[in-house]
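Descriptive analysis of the structure
Single-letter residue listing:
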Amino acid sequence: WQNVAATEQHTARGADGYTNMRVAPVLAVVLAPRTAPRRRYSPAATARRAASYDDDDDGETYEAAWRRRRVATLKAAPEISVDEVQDLFEPDYLQKRLYERSPESAFGAVFRLEGVVADVEVLPAFVDAWTAVAAEFDYAPPSARDVDYVLRAGVRTEVAVDSVFRWTRDWGAARAAADRYGELVAELGDELEPAPRAGVEPWLRDLRNGNVPCCAVSRLPRKLLDACLGRLNLTDYFDGRVVCAEDDRDRAQQAFLHAAVELGRQPSRVVVFSDSVDDLIAAHEAEMRAVGVVGAHPAYELRVADLVVRDLDELRLANVRKLFADVDFDPLPELEVLLETEAPPVDTLYEDLDDDYDDDGPDFFS
């Protein structure tokens, strides 16, 4: 402040009016109030970050808390990267030692509900739901082919209204129709009659005995998915690890990566069981193994899979180990043995140097 006052007195004595005008910007900069810091995170991102801290446990380690928050962030992310999941669930030394004792526990299994876990016909019920929405909002009813494409491709309901059915380009109206469709689908629980496929329960029991975690992937809402698993008496085998319509995974590859996060396994150590060719290709895109189950497609169309079976009762845990035969869990890397090379004797070196001189050459020391 003394420097500012001295500058003001010095410029006030001058006869030049231009010099007096230069004091105002200096005082404006000095006396200007500090602006509020710029917000770095959006309100939604801030809410998600705050939610991950709500259930903190004072007894957990820093690494466990960081991993739990990172998993919550991945589940809420709109896009999941393969490398990110691969690095997050890299086993440490103790886990590798555990996997040496129990090799099957290092892997995870992902099951497509429709066609693999159960034979459930959802297309007629979903066509009726979309037809009711079209009648309520005064749209043209969709065809069964379009609805089947939406179910198999995992298209979001808003995108289906906008791009597949071409009902409206207004995103708000598409969102309203999608919400109404979700309400109608949630009321279809009594109309679905799932039937378990042959050998699914014994195979799930073998996987549980081998400490292999399992996850169910479906296009159904969570309420219908839980109802189907409850009617099949298979809820305990999945232990709440499911990927459903509420997770908003547009592509099968993203749904499988979300399932890998639920399992807590690297994508390279996860096997996908499905009867769809698109699912098998998506599994390979996620760097997972794929097992094709004959059903919706014949066996020759499932040749993109690593293994093709007619029913799940043909599988054994040895088949899983063969699928991951190239995965090694050696906790200590092998050290290369370097062979020591014998150095030539010192006398030999000097003898070689002496041989380079010619006896008939000039004598520089004479």
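The paragraphs below set out a description of the structure included in this document. Values in this document were obtained by computation on a predicted structure and should not be read as measured data. (Residues numbered from 1 in each chain as written. Predicted model: local features only at pLDDT ≥ 70, side-chain atom pairs only at ≥ 80, totals over all residues. Heavy atoms only, no water.)

**Quick word on the overall build of the protein**
Going by this rule: Comment: elements are numbered from the N terminus, with helices defined as DSSP H or I runs of at least four residues and strands as E runs of at least two. Accessibility here uses a 1.4 Å probe with only protein chains present; expressed as a share of the type maximum, an area under 20% marks a residue as buried, one over 50% as exposed, and anything in between as partly exposed. Any two residues whose heavy atoms approach within 4.5 Å are treated as being in contact.
Scanning the protein for helices and strands turns up 19 helices and eight strands. Expressed as a percentage of the 366 residues in the protein, the buried residues total 39%. In the protein, once contacts between residues fewer than 6 apart in sequence are set aside, the share between residues at least 24 apart is 66%.

**Digging into the sheet that holds strand S6 (residues 270-274)**
Threshold: A pair of strands is labelled paired if DSSP reports no fewer than 2 bridges between them. Every axis in this analysis is a line fitted to C-alpha atoms, fitted for helices over the stretch in contact. Angles between the N-to-C directions lie between 0 and 180 degrees.
Taken in spatial order, the six strands of this open sheet run S5-S4-S1-S6-S7-S8, and their pairing is parallel. Edge strands, defined here as strands with exactly one partner in the open sheet, are strand S5 (242-243) and strand S8 (307-309). Each of strand S1 (108-112), S6 and strand S7 (289-293) touches helix H17 (residues 277-285); the most contacted strand, S7, lies at about 170 degrees to it.

**Focus: the packing of helix H9 (residues 123-136) against helix H12 (residues 171-186)**
Formally: In what follows, roughly perpendicular refers to angles from 65 to 115 degrees, roughly parallel to angles under 35, roughly antiparallel to angles over 145, and oblique to any angle outside these ranges. Each crossing is labelled by how the near helix is turned from the far one, with a counterclockwise turn of less than a right angle marking it left-handed and a clockwise turn marking it right-handed. Each residue is assigned to one of three groups, with Ala, Val, Leu, Ile, Met, Phe, Trp, Tyr, Cys and Pro labelled nonpolar, Asp, Glu, Lys and Arg labelled charged, and all others, Gly among them, labelled polar.
Taken N-terminus to C-terminus, the directions of H9 and H12 make an angle of 135 degrees; their axes are 9 Å apart at the nearest point. The orientation of H9 relative to H12 falls into the category oblique. When you trace H9 past H12, the crossing you get is right-handed. Between H9 and H12, the contacting residues are Phe126, Ala129, Trp130, Ala132, Val133 and Glu136 on the first element and Ala177, Arg180, Tyr181, Leu184 and Val185 on the second. Along the lines of polarity and charge, the residues of the contact of H9 with H12 split into nine nonpolar, no polar and two charged.

**Topic: the layout of surface pockets**
The criterion, for reference: Think of a 1 Å grid over just the protein atoms. A cavity is a set of points where a 1.4 Å probe fits yet cannot get out, a pocket is an open set with protein on both sides within 12 Å along at least five of seven lines, and lining residues have an atom within 4 Å of a point. Grid points are joined across faces, edges and corners, and a volume is the space filled by probe spheres set on the points.
Here the largest pocket is characterised by a volume of approximately 650 Å³. Lining the largest pocket are 33 residues, and of these Thr157, Arg219, Ala245, Glu246 and Asp248 sit closest to its centre. Mapped onto the lining of the largest pocket, the elements with two or more residues apiece are H9, helix H10 (144-153), helix H11 (157-164), H12 and helix H16 (252-263). Ranked by the residues each element gives to the lining of the largest pocket, the list is headed by H12, at seven residues.

**Some details on the side chain of serine 274**
Convention followed: Nitrogen and oxygen atoms within 3.5 Å of one another constitute a polar contact, given that in protein one can donate a hydrogen and the other can accept it, and given that sequence-neighbouring residues count only through two side-chain atoms.
Position of serine 274 among the secondary structure elements: in strand S6. Serine 274 sits in the buried class, given a relative accessible area of 0%. Side-chain polar atoms of serine 274 contact the side chain of aspartate 279, separated by 2.9 Å. Sequence-distant contacts of serine 274, defined by excluding residues within four places in its chain, comprise Arg112, Val116, Asp279, Leu280, Val291, Gly292 and Val293.

**Topic: empty space enclosed by the protein**
What the rule picks out here adds up to one cavity of 30 Å³ or more. The computed volume of the largest cavity comes to approximately 30 Å³. In terms of lining, the largest cavity is formed by Trp203, Phe273, Val291, Leu307, Leu315, Asn319, Val320 and Leu323. When residues of the lining of the largest cavity are assigned to their parent elements, the largest contribution, three residues, is made by helix H18 (residues 317-323). Looking at side-chain class alone, the lining of the largest cavity contains seven nonpolar, one polar and no charged residues.

**Some remarks on the environment of alanine 282**
In this structure, alanine 282 sits in helix H17. The sequence separation of alanine 282 and valine 272 amounts to ten residues, and the corresponding C-alpha distance is 9.6 Å. Setting aside residues up to four positions removed in sequence, alanine 282 forms contacts with Ala252, Gln253 and Phe256.

**A short note on the pattern of salt bridges**
Heads up, the rule is: When a carboxyl oxygen of Asp or Glu is within 4 Å of a side-chain nitrogen of Lys or Arg, the pair counts as a salt bridge.
Per the stated rule, a full pass over the model turns up 16 salt bridges. Among the salt bridges present, the one from aspartate 311 reaches arginine 197, with a minimum N-O distance of 3.2 Å. One end of the pair, aspartate 311, is in the loop between S8 and H18; the other, arginine 197, is in the loop between strand S3 (195-196) and helix H13 (200-209), with 114 residues separating them in the sequence. In this structure aspartate 311 comes out as partly exposed when scored by relative accessible area, which is 24%. The class of arginine 197 is buried, set by a relative accessible area of 13%. A salt bridge links aspartate 226 to arginine 222; the shortest N-O distance between them is 3.1 Å. Here aspartate 226 and its partner arginine 222 are both found in helix H14 (residues 222-231), four residues apart, which amounts to about one turn of the helix. When salt bridges that share partners are traced, they join Arg156, Glu158, Arg175 and Asp179 into one network.

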